Each structure stands twice: as C-alpha cells, then as structure tokens.
Amino acid sequence: ASKQAQLMEVLKKEVRAMLIAAKAGLTPEQLEEQYMAMVCKPLPLRDLGFQSTLELVTQMPEVVRVCFSKTGTLILKAIADDSTKGIAKLVANQKVKTRSKASKKTATKVNPTFPTKSSRNPQSFQTLGAGAPTLPAAVKAELQDLLSSSPLLLGDLDKAFLRRFGRAFQYRQYGFLSMFEVLRSMSDSIAVEQTKAGSLLVLRKFLASNIEQGEVPQGEAQEEEVPQGEAQEEEVPQGEAQEEEMLQDEAEEEEMPQDEAQEEEMLHGEAEEEEMPQDEAQEEETLQGEVLPPTPEIPPDAVQDRSLCSLPPLRRRCLVGVIVEFVVSPSQFYIHICSTEASYKLQDLMFEMRHVYSHKVASDKYIMPESAVRPGQLCCVMVSKWWYRVIIHRVINDQEVEVFCADYGHLQIVQKSWLRFLKWHYSKLPAQAIPCSLAWVKPVEGTWSSAAILLFKHLCRFKELVGIVDEYVNGVLYLFLCDTSTKEDVYFHSVLSDMGYADVCGENIPSQEFEELNPSALYVQPSGKQGNAEVAEPDLRLQQESRDADSETATSKLDGAKL
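The numbers attached to residues start from 1 for each chain and follow its sequence in the written order. Selection of residues for local features in this predicted model requires a pLDDT of at least 70, selection of side-chain atom pairs for listing and counting requires 80 or more, and totals for whole chains, interfaces and linings are taken over all residues. Neither water nor hydrogens contribute to the side-chain values; these are computed over all heavy atoms in the structure.

- As recorded in an unreviewed UniProt entry, the chain goes by Tudor domain-containing protein 5 and comes from Chaetorhynchus papuensis.
- UniProt positions are given in the numbering used here, feature names are shortened, and annotations may be inferred rather than shown by experiment. Under the heading Sequence similarities (unreviewed entry), UniProt records this for the chain: "Belongs to the TDRD5 family."
- UniProt lists a comment for the chain under the heading Subcellular location (unreviewed entry), and it reads "Cytoplasm".

**Some words on the overall build of the chain**
Okay, so step 1: The helix and strand tally for the chain stands at 22 helices and 18 strands.
Okay, so step 2: Three exposure classes are used, based on accessible area relative to the maximum for each residue type with a 1.4 Å probe and protein chains only: buried under 20%, partly exposed in between, and exposed over 50%. Residue burial in the chain is summarised as follows: out of 563 residues, 43% are buried.
Okay, so step 3: Sequence separation of at least 24 residues holds for 68% of the intrachain contacts in the chain that already meet a minimum separation of 6.
Okay, so step 4: Note on areas: these come from Shrake-Rupley sampling with a 1.4 Å probe, and a residue is covered only by the protein chains present in the view. When the accessible area of the chain is evaluated, it comes to approximately 31,800 Å², of which 50% is carbon and sulfur surface. In this text, helices come from DSSP runs of H or I with a minimum length of four residues, and strands from runs of E with a minimum of two, each type numbered from the N-terminal end. Between two residues, a contact is recorded if the distance between any of their heavy atoms is within 4.5 Å.

**So, the sheet that holds strand 5 (residues 198–203)**
Okay, so step 1: Should DSSP find at least two bridges between two strands, the strands are taken to pair. Strands sit in the order 3-5-4 across an open sheet of three strands; the sheet is antiparallel. With one partner strand each, in any of the chains shown, strand 3 (152–153) and strand 4 (190–195) form the two edges of the open sheet.
Okay, so step 2: Inspection of the sheet shows strand 4 paired to strand 5 by six bridges, in the antiparallel sense. Across the sheet, residue Ala191 finds its bridge partner in strand 5, namely Val202.

**What about the sheet that holds strand 8 (residues 378–383)?**
Okay, so step 1: Taken in spatial order, the five strands make up an open sheet running 11-10-9-8-12, and their pairing is antiparallel. In this open sheet, the two strands that pair with only one neighbour each are strand 11 (411–415) and strand 12 (419–421). Averaged over neighbouring strand pairs, the angle between their axes works out to 50° when direction is ignored.
Okay, so step 2: Where strand 9 (residues 386–395) lies against strand 10 (residues 400–405), five bridges are found, and the strand directions are antiparallel. Across the sheet, Ile392 pairs through a bridge with Val403, a residue of strand 10. Axis definition: a line fitted to C-alpha atoms, over the contacting stretch in the case of helices. Angles run 0 to 180 degrees between N-to-C directions.

**Remarks on the packing of aromatic side chains**
Each aromatic ring pair is summarised here by two numbers: the centre-to-centre distance and the angle between the ring planes.
Okay, so step 1: Aromatic contacts are taken between Phe, Tyr and Trp rings whose centres are within 6.5 Å, Trp giving its six-membered ring; a plane angle under 30 degrees counts as stacked, one over 60 as edge-to-face, and the others as tilted. Scanning all chains against the criterion turns up twelve aromatic pairs.
Okay, so step 2: Between Phe351 and Trp386, the aromatic rings sit 5.8 Å apart at their centres with planes inclined by 70°, giving edge-to-face as the arrangement. Of this pair, Phe351 sits in helix 16 (residues 340–357) while Trp386 sits in strand 9; the two residues are 35 residues apart in sequence, bridging distant segments of the chain. Of the two residues, Phe351 and Trp386, neither departs from the other in class, the shared state being buried.
Okay, so step 3: With a centroid separation of 6.3 Å and an interplanar angle of 90°, the aromatic rings of Phe456 and Phe492 are classed as edge-to-face. One end of the pair, Phe456, is in helix 18 (residues 450–460); the other, Phe492, is in helix 19 (residues 492–498), and 36 residues separate them in sequence.
Okay, so step 4: Residue Phe456 is classed as buried on the basis of its relative accessible area, which comes to 0%.
Okay, so step 5: Owing to a relative accessible area of 0%, Phe492 belongs among the buried residues under this scheme.

**A word on the side chain of Arg420**
Okay, so step 1: Along the chain, the position of Arg420 falls in strand 12.
Okay, so step 2: Lys and Arg are tallied as positive, Asp and Glu as negative. Neither His nor the chain termini are counted. Criterion for a salt bridge: a side-chain nitrogen of Lys or Arg within 4 Å of a carboxyl oxygen of Asp or Glu. As a buried residue without a salt bridge, Arg420 has its nearest oppositely charged side chain in Asp364, at a separation of 4.5 Å.
Okay, so step 3: One polar contact links the side chain of Arg420 to the main-chain carbonyl oxygen of Ser363, over a distance of 2.9 Å.
Okay, so step 4: Leave out the neighbours within four places in its chain, and Arg420 touches Tyr357, Ser363, Tyr366, Ile367, Met368, Cys379, Cys380 and Trp387. We call two N or O atoms a polar contact when they sit within 3.5 Å, provided that within protein one can donate a hydrogen and the other can accept it, with sequence-adjacent residues counted only if both atoms are side-chain atoms.

**Overview of the environment of Phe68**
Okay, so step 1: Considering the arrangement of structural elements, one finds Phe68 in strand 1 (residues 64–68).
Okay, so step 2: Spatially, the C-alpha atom of Phe68 lies 9.6 Å from that of Thr27, the residues being 41 residues apart in sequence.

**Quick notes on unusual backbone geometry**
Okay, so step 1: Look at Lys385: it is not a glycine, yet its phi comes out positive at around 70°.
Okay, so step 2: Along the chain, the position of Lys385 falls in the loop between strand 8 and strand 9.
Okay, so step 3: Judged by relative accessible area, which is 46%, Lys385 ranks as partly exposed.
Okay, so step 4: Located in the positive-phi region is Trp440, a residue other than glycine, with phi close to 65°.
Okay, so step 5: Here Trp440 lies in the loop between strand 13 (434–438) and strand 14 (441–443).

Set out below in structure tokens:
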C-alpha cells in the first residue's frame, strides 16, 4: 500500500506536468501516448489497480479536470497547484500563430540584441522572437525522399508516407496545427502547385531540373541531334557486322581446333594424375575445402582509422537558434544549431548515403569484417531504411553492438549485420550533435527526478528555441534555453526552479551524467584537429555578440532576466 501511494504521488506530478504543457488539454489516448513517449513505459494502471486511464484520472481530482470539447470529445486539463500556477499562466498566454504576425515575428528574430546602457530597462532581455515548430532533420529527409521520384497530390501524401515508411505522418506531434504549416516550414525545398486534381507537392530540385532541361526548345534539340537515318548509314551495316563476327569466330577456331583442344586437355589431366596419386589429390582437395574463404578486400575509400570532428565552439554570450534533439536530463542533452546551411548539408548527406548503401553491390562492398567491429570505429548503420554515421561504443555479443549516433546524440543497440564501413568523404562534415547542459542550475535532490526530466522534455519538444551561450566545461556547452513562443520569454532554468525541481546556483557545476559517460568527448575530435573538416557556423541571423565588454554588466543583465 505504501509503494502504491508513493507511485501515485509521483504519477500525479508527472501527469500535471504533461497536462500543464498542453494548452488545449489532452484526450486520455493522447495522455497515454505522451506518457509512453516521455517515460518509455505505459501508465502503471494495473500496478495501481485501475482498468483505464479515465478511471485513473478521476482519482486525481486535485490534479486533473475532466471536461468536454465543443465536438463532445473528452478532454483532460491540468489543475495548477501553488507551485505551478505561474507555469500554467505562461502556457495560457501562448501566442496563436497567425499569418498577419508572421512578418513581425521574423523581424524580431532577425535582429535579437542585448540591451545597451542607454536602454530603458537595461536589466532585461528584449523579446528574442517567436519560435516556430520545426520538423526533425530525418523527417524532412523522408518527405524529400518521398517526392524525389515524382510529384504527389496532397490528398495522397498520408497513404504514400505510410506505404513508404511504415508509419503515419503525424505532424501534430512536432507542434504543427495543420499540414499547410508543415509545407510552409519547408517552402524552401517543397513547392505547392494548384492543379485541377488538387494541390500538387513538387520537390523544388525536381522543378529546377525540369526548367534546365526545358531551356533548349524541343525542335532545336531535335535538329541538333544526328538524324536517325544518317546515324544508321554511318554505322556498320548489319550484314557486314555479322560477316565480320563470323570471320572472327573462324579465326578463333583456327587457332586451335576443338578436337585438338579436348585432346590436349585430356593429356594435361593425365599428366596431372601421373604427377599426384589419386588419394593424395583427394586429400589435397579436402584440405582446400576446409580453408576459409579469403576476407574481402577493404575498399580504399573506407574509413578505418579516423574520427569525426566537432563543430567550432560558439562565442560566449551569443544568441543562437537551436533544436533539442535528444534529452537524458537537464544536465545532459544534445542540440542541433538552426542553420539553413548546416541543415541542408546533413540532409544531403543522409540522402546520398541512402542512395549509395541501398544498392546491394555497393552495400556488400562495405561490409565490415569481424576484426573491424571494435570500440571507437567510425562507420555507418541502417535504421528504418536510413543510414546514420555512428561510432561503435561497445560490442555486446556476437550479433549486437552499441553505437553512438554522432549527429543526433543518442546511444543505440544495433545488429552487427547492419554496420558498414563509412566512405571517406562522408566523414568530412563535422558531427552535428552538440553535448549540452542547462546553465546555472542543479537538481534539488542531487539527481534529477523523473518529473523534472519529463517537464524539461515537454519544454524542449520539437521547438526552435533561442540559446544563450554561457561557457564550455570539459567539452560540454552550458547554455540558457528560452522559449519565445509566448508573450513573455520563458527561461527553462527559471521554470525548473519555480516548479521546485532545481536550484539556481549562479555557476555551472560539471554534469554528473557527462562525467560518467560523454561519448562525444571519447570519439569526436575538437574542431580544427582535422585539416579537411568543413566549418559549420551557426546562423548569423540568430548570433550576435554582447555589445558590452564589461562582464559584470553582462552578468547583472542575466540576473535581471531571472538568469
């Protein structure tokens, strides 16, 4: 009974955190899905003696309010307590995205600045601009791959996506309200054309290639080509070709008549039999049969003794757009920099790797022998039909290894048979995942509670955020994270502190999680160690140095903004 009571108290905190983050509330099914996604296990209904999620939440009257939407759908909403009233108010004030505000949001995002001494309120940040939802790089690549063969009607997109990738395209989980918002976010790579059949989705690269092909008028192109009749006249007539082929065959036959060739082969076989007794020959054949086939040659362009390099370090106090890709805790997570150039390079790399390694001949050529499957080996692996750059972290058994995904930050167990050598030129792009820790905070209880981690994941989930760089400690980037999609900028360390999960300590305490294991530090070389590494700078629209050289003044500004 005491264990059930403890579990119920923890569950109440987790459910409240999830429902507070959902402005419009959640259906029971959505609550189950989000709990599974965040905690990686289903709601403990049976452990608590409940038959359904609705039965569970009715036993949390101080946490959950059950109501109905205009369409009659059952909706669960959070009831804030004293420690969460501020968070609930911020969520309630979230802006509703409209087209009329788009240009204003863009303008504020393009020119984020630190306040100067002449500012009216020098101890607060200006609004940094609203964060728009963003598709993960892998999902963008999937959409582009879907349209790479031919255009697709919008009405057929869901079926085509399900058929190709084995799952539905659930854009709402990435923060989008409609499919048109998704297409607007990818307008640089996908065009929408209106046809009689409906909206047609076309890959812009496909459009560009068609335009290039259409630059030469069809009539002129045909005139420039050699007329078919003249081409046939210049070719060797079929009769002469057949005659020449017959003469060649006769010449080959004249070199050695077939009977003579067979006779010589028989004599050669008799000579071999005389040289070696039959028993000895059979014994040699048996020995040869036991010899293992030779190990395939390793392609000369396969990476064998090489590491990826990291992205160049960011400057202190700069602002940069980021997407949190993978979260262990507020002290251990990985980000992507929101740079159009960097995003395209990663997508192009994934497309090219999929194109190359999907061909069996090429894929078999880069199969890794057992001797190459060792910790620290840079290679690539196929997961859900996509190929990722990984480093082998440990060999688990004869069939499985654990790998570190250098572009997304997570560890994953995969089959050895899925591994392939990485082609050398695929190693030039720096590792895109940056190991990070939230600046100036530490967990109240010494380690982060599951509720704190759950809340942090909700705050980060599929949003473009603004990061304020503080410093690097042991190769880990410490930064403040700010959600600018509300009327007031929301700083994540302040949210964790207000919820009672974290203490704001005013300094960066080395992350215990990264001290125990930091795969990036183990396997990724610091920027500049490799001469041929490509430099991937953050988007200059979201990066600006502080105009104040005085560090004390800058620190006071952070304090004034609850930093």
